[in-house]
Amino acid sequence: MASGAKDRYLRAMSEADPASIPQSAPRPRKPDWIRVKAPVSAGFMETRKLMRRLNLATVCEEAACPNIGECWTKKHATVMILGDTCTRACAFCNVKTGMPRAVDPLEPEHVAVAAAELGLTHIVVTSVDRDDLPDGGASQFVKVIEALRRNTPSTTIEILTPDFRNKSEAAVEKIIQARPDVYNHNLETVPRLYPTIRPGARYYASLRLLESVKRHDPSIFTKSGVMVGLGEQRLEVHQVMDDMRSADIDFLTMGQYLQPTPRHATVEEFVTPQAFSAYGAIARAKGFLLVAASPLTRSSYHAGDDFEKMRAAREAKLGRSSAEPSE
Ligand code: SF4
């Protein structure tokens, strides 16, 4: 198609009712507020070299995160443990699916070396789903937390885990006992869209996981995120916020879903920055300690700064509570 005709077609597509866009349509043009700079800095190259040297995968690369240029320039990388191959096939996710390799026993030490060499004051560690492992990979999370505590004791630790569906409760309890500073697990979308977007997961099982972390150890911050632009309705998102508050989740992240390849779920809507602000205001009114809502927000985006804000918010809240007269 000539470029003028292609532009007109894409413009028409982006203005069309999303439900009328056929699955095979070219992806609608990203609005200006989504555009990001190409990753070319020296810091970016150094981060990449370090990850290769330590044989570590990152969700930044595997999920084709749009923030990689900014984050890696600042040497903020989110390590993805348990390999680079996932046993699930969620419709939104770019991580490759298949039969994963054996768990790397050197991985925990390598994560700790990466944290030290990057100078991380806060690290986010995530993983692929490992439904093939008896404990879903929980013991590897524990080993990583232990290695970090040994090697970089002042680094605060945030883990972003799978749902450990069909695994024993003991698997998750082991992680809770290792006491990460933040336990993050993403609900990803509204329950109505689970069968198409997250077919291997169950909305209420994910909620229960986060609720059980808080029940076992209220000192651990809990965090969860949703992507918007997948066809969800505003009131459905509000209901997810209410469900999260019922599970006592401290921190909500919300960002725009971006289609990684034409094989993945299509973007139904580019939610405007103003609409993100409105979501953020509603979420704050519902009582989250912290809310990050913007088109480029991702679970681990600015996670270190946000951890400090969350800690300060909790202290302020506790201070207020203790100052109040008891009934
Ligand atoms: S937002 Fe998270 S996943 Fe994306 S590049 Fe930054 S650290 Fe990596």
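Residues numbered from 1 in each chain as written. Predicted model: local features only at pLDDT ≥ 70, side-chain atom pairs only at ≥ 80, totals over all residues. Heavy atoms only, no water.

**Student:** Would you explain the overall build of the protein in this entry?
**Tutor:** Each helix and strand in the protein was counted, giving 12 helices and 10 strands. Relative to its 327 residues, the protein shows a buried fraction of 51%. A fraction of 75% describes how many contacts in the protein between residues 6 or more apart in sequence connect residues 24 or more apart. Counting every atom, the protein has about 15800 Å² of accessible surface; 53% of that belongs to carbon and sulfur. (Helix = DSSP H or I, 4+ residues; strand = E, 2+ residues; numbered from the N terminus. Buried < 20%, exposed > 50% of the residue type's maximum accessible area, 1.4 Å probe, protein only. Contact = heavy atoms within 4.5 Å. Areas by Shrake-Rupley, 256 points an atom, 1.4 Å probe, with all protein chains shown as cover.)

**Student:** Looking at this model, I keep getting lost on the pairing of strand 10 (residues 290-293). Mind explaining?
**Tutor:** Within a regular strand, side chains alternate between the sheet's two faces. Here strand 10 shows no split at all, with L290 and A292 on one side and V291 and A293 on the other all buried. The sheet contact formed by strand 9 (residues 251-256) and strand 10 spans four bridges and is parallel. Pairing of M254 across the sheet is with A293, part of strand 10. (Pairing = 2+ DSSP bridges.)

**Student:** Is there a simple way to think about the site of the ligand in this case?
**Tutor:** In the vicinity of the ligand, the contacting residues are V59, C60, C65, N67, I68, C71, T78, R298, S300 and Y301. Broken down by class, the residue content of the shell around the ligand amounts to six nonpolar, three polar and one charged. (Near = heavy atom within 4 Å. Nonpolar A, V, L, I, M, F, W, Y, C, P; charged D, E, K, R; others polar.)

**Student:** Help me out: how do you make sense of unusual backbone geometry in this one?
**Tutor:** Comment: phi is negative for the bulk of residues other than glycine, and the bulk of peptide bonds are trans. Of note in this structure, N55 is not a glycine but carries a positive phi near 60 degrees. What makes N55 exposed here is its relative accessible area of 54%. Even without a glycine there, the phi angle at L82 is positive, about 70 degrees. Topologically, L82 is positioned in the loop between strand 2 (79-81) and strand 3 (85-86). Residue class for L82 comes out buried when judged on its relative accessible area of 2%.

**Student:** I'm lost on the sheet that holds strand 1 (residues 57-58) in this one. Help?
**Tutor:** Remark on secondary structure: sheet strands pair via backbone hydrogen bonds, oriented parallel or antiparallel. Spatially, 1-2-5-6-7-8-9-10 is the arrangement adopted by the eight strands of the open sheet, whose pairing is mixed. The sheet is open, and its two borders are formed by strand 1 and strand 10, each paired with just one other strand. Pairing between strand 6 (residues 156-160) and strand 7 (residues 182-184): three bridges, direction parallel. When the bridges of strand 7 are listed, E158 appears paired with V182.

**Student:** How do you make sense of empty space enclosed by the protein when you look at a structure like this?
**Tutor:** Unfilled space is identified by rolling a water-sized probe across the atoms. Taken as a whole, this structure holds two cavities of 30 Å³ or more when the rule is applied. The calculated volume of the second largest cavity comes to roughly 30 Å³. Together, D129, R130, D131, G136, P162, D163, F164 and K167 line the second largest cavity. Here the residues of the lining of the second largest cavity are counted per class, giving two nonpolar, one polar and five charged. (1 Å grid on protein atoms, 1.4 Å probe; cavity = no way out; pocket = protein on both sides within 12 Å on 5 of 7 lines; lining within 4 Å. Points joined across faces, edges and corners; volume = space filled by probe spheres on them.)

**Student:** Please explain the nonpolar core as it appears in this structure.
**Tutor:** Generally speaking, a soluble globular protein has its nonpolar side chains buried in company with each other. Formed by 83 residues in total, the largest nonpolar core has its most connected members in V111, V125, L148, I175, Y183, L252 and M254. Looking at this core element by element, the count peaks at seven residues for helix 6 (residues 138-151). When residues no more than four places from it in sequence are discounted, the contact partners of L252 are S224, V226, M241, M244, A283, F288, L290, V291 and A292. Grouped together as the second largest cluster of nonpolar side chains are eight residues, V182, A292, F307 and M310 included. (Core = buried A, V, L, I, M, F, W, Y, C linked by side-chain atoms within 4.5 Å.)

**Student:** What am I meant to see in the confidence of the model for the protein here?
**Tutor:** A low pLDDT score tells you not to read the predicted coordinates there in detail. Considering every residue of the protein, the mean pLDDT works out to 90; 89% of them sit at 70 or more. Scored below 50 in pLDDT, residues 1-25 shows 16 contacts in the model against residues more than four places distant or in partner chains. (pLDDT = per-residue confidence, 0-100.)

**Student:** What's the story with helix 2 (residues 42-53) in this structure? I'm lost.
**Tutor:** Think of an α-helix as turning once every 3.6 residues; residues three or four places apart then point the same way. Helix length check: helix 2, at 12 residues, gives a terminal C-alpha distance of 16 Å against a target of 16 Å (1.5 Å per residue), a fit within 8%. Residues of helix 2 that are buried make contact with strand 1, helix 4 (68-73) and helix 5 (107-118). Once helix 2 finishes, N55 follows within two positions and takes phi at roughly 60 degrees, a positive value. (Expected span 1.5 Å × (residues − 1).)

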